[in-house]
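Breakdown of the fold
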Amino acid sequence: MILLDGKKTSAEIKEEIAIEVAKLKEQGKKTPHLAAILVGNDGASRTYVNAKVKACEKVGFNSTLVRLEDTISEEELLSEINKLNTNNDIDGFIVQLPLPKHIDEQKVLMAVNPDKDVDGFHPTNVGKMTLNLPTFLPATPAGILELLERYNVETSGKNVVVIGRSHIVGSPMSILLSQKRTVGNATVTITHSRTKNLEAFTKEADIVVVALGVAEFLKGDMVKDGVVVIDVGITRVDDATKKNGFRLLGDVHFESVAPKASYITPVPGGVGPMTIAMLMKNTLLARERSEA
Ligand code: GUN
């Protein structure tokens, strides 16, 4: 069993980006600048956004964090987005999800200028991704592709089962892995809460991507020997023995699945850090594109 080490791989990617940023600065070019909008006080979202800001520092980007109360109106949020759209110093920005219930998420994502949409969530960019045209790929699926590529995991002709159909992970992951691309050409089945006899699919899978948000959902008896397992889940469970009061669980029951796996991502330290590295990559791309 080989661990797909997202922590180490993301550090390598950030190092590569830092070199590019240093070159830009040497040439007297503008420093890439990422902004993030965080609405409300959700602990997990705060942690993710802080990690994104920290990654910007690491690679030499400028960053701006826009913190807004969870009582903000949709109109006010749209106005904040417009400020970032029109601010020429900002190369790319993200609106951290989820948003409070009174705000229409789709309306917000559609307000982001597609050229600054480094999350790749705008319908224009989702459409380009689906057509395999150059665009910002959503960071989590892109991070998974990158991890598979750097570990030379073969995907061509393999049976992939994606569990979960979210717009952020499951849906784009299934599209990307079926495309004609370096990491792709797979036969993909997308499964979800209405799938009957899910195990029948996972037991036949060469690669399983689990993005369901149910802690330890995938068990050892649901997969075959030699399976490649990508765990996108990250659930906080109370743990009084930990300093912060919680520990993180993936969507995979690691103890029973890992002994059967040829490759597996750990949680934490698997997909999570890769997501952040790919957001940095998209921000660098946004900067380079606006230069062109
Ligand atoms: N919430 C969970 N994942 C993501 C992500 O990739 N981007 C944003 N903006 N919010 C998220």
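Residues numbered from 1 in each chain as written. Predicted model: local features only at pLDDT ≥ 70, side-chain atom pairs only at ≥ 80, totals over all residues. Heavy atoms only, no water.

1. Notes on the side chain of D206
The following threshold applies: Numbering goes from the N terminus for both helices and strands, where a helix is a DSSP run of H or I of at least four residues and a strand is a run of E of at least two. For this analysis, a polar contact is any N or O atom pair within 3.5 Å, provided that within protein one partner can donate a hydrogen and the other can accept it, and provided that sequence-adjacent residues contribute only side-chain to side-chain pairs. In what follows, residue pairs with any heavy atoms lying within 4.5 Å of each other are defined as contacts.
Inspection of the secondary structure puts D206 in the loop between helix 8 (198-202) and strand 7 (207-210). A distance of 2.7 Å separates the side chain of D206 from the backbone nitrogen of N159, its partner in a polar contact. Those residues in contact with D206, other than ones at most four positions away along the chain, are K158, N159, K224, V227 and V228.

2. Remarks on the sheet that holds strand 8 (residues 227-231)
Condition: Pairing between strands is defined by DSSP: at least two bridges between them are needed.
The sheet built from six strands is open, its strands ordered 1-11-8-7-5-6 with parallel pairing. The sheet is open, and its two edges are formed by strand 1 (2-3) and strand 6 (187-191), each paired on a single side. By the bridge criterion, five bridges tie strand 5 (residues 159-163) to strand 6 in an arrangement that is parallel. Paired with V160 across the bridge in strand 6 is V188.

3. Here we look at the pattern of salt bridges
Threshold: In what follows, salt bridge is the name for a side-chain nitrogen of Lys or Arg lying within 4 Å of a carboxyl oxygen of Asp or Glu. Relative accessibility under 20% of the residue-type maximum defines a buried residue, over 50% an exposed one, and the middle range a partly exposed one, all with a 1.4 Å probe and only protein chains included.
In the structure shown here, the tally under the stated rule is 13 salt bridges. Residue D239 pairs with R247 through a salt bridge whose shortest N-O separation is 3.0 Å. Assessed through its relative accessible area of 13%, D239 is described here as buried. Taking the relative accessible area as the measure of exposure, R247 reaches 36% and is therefore partly exposed.

4. A short note on helix 3 (residues 74-86)
This is how the line gets drawn: To estimate how far a helix should reach, multiply one less than its number of residues by 1.5 Å. Each direction from the helix axis to a C-beta atom contributes to the arc, which is the arc of those directions.
For helix 3, built from 13 residues, the straight-helix expectation of 18 Å at 1.5 Å per residue is met to within 8% by its first-to-last C-alpha distance of 18 Å. Along helix 3, the residues classified as buried are E74, L77, E80, I81, L84 and N85. Viewed along the axis of helix 3, the buried residues span an arc of 145°, placing them on a single side of the element. Across from the buried face of helix 3, at angles greater than 90 degrees, the exposed residues are E75 and T86.

5. Some details on the sheet that holds strand 4 (residues 92-95)
Counted only if it meets this: For every element, the axis is a line fit to its C-alpha atoms; helices are fit only across the contacting stretch, and the angle between N-to-C directions ranges from 0 to 180 degrees.
Ordered by their spatial adjacency, three strands build an open sheet running 3-2-4, and the pairing between neighbours is parallel. For this open sheet the edge positions go to strand 3 (62-68) and strand 4, each flanked by a neighbour on one side alone. Neighbour-to-neighbour, the strand axes of this sheet turn through a mean angle of 15°, independent of strand direction. Contacts from helix 2 (residues 43-59) reach strand 2 (33-39), strand 3 and strand 4 within the one sheet, and its direction differs from that of strand 3 by about 160°. Where helix 3 meets the sheet, it contacts strand 2, strand 3 and strand 4, and its direction lies at approximately 175° from that of strand 2.

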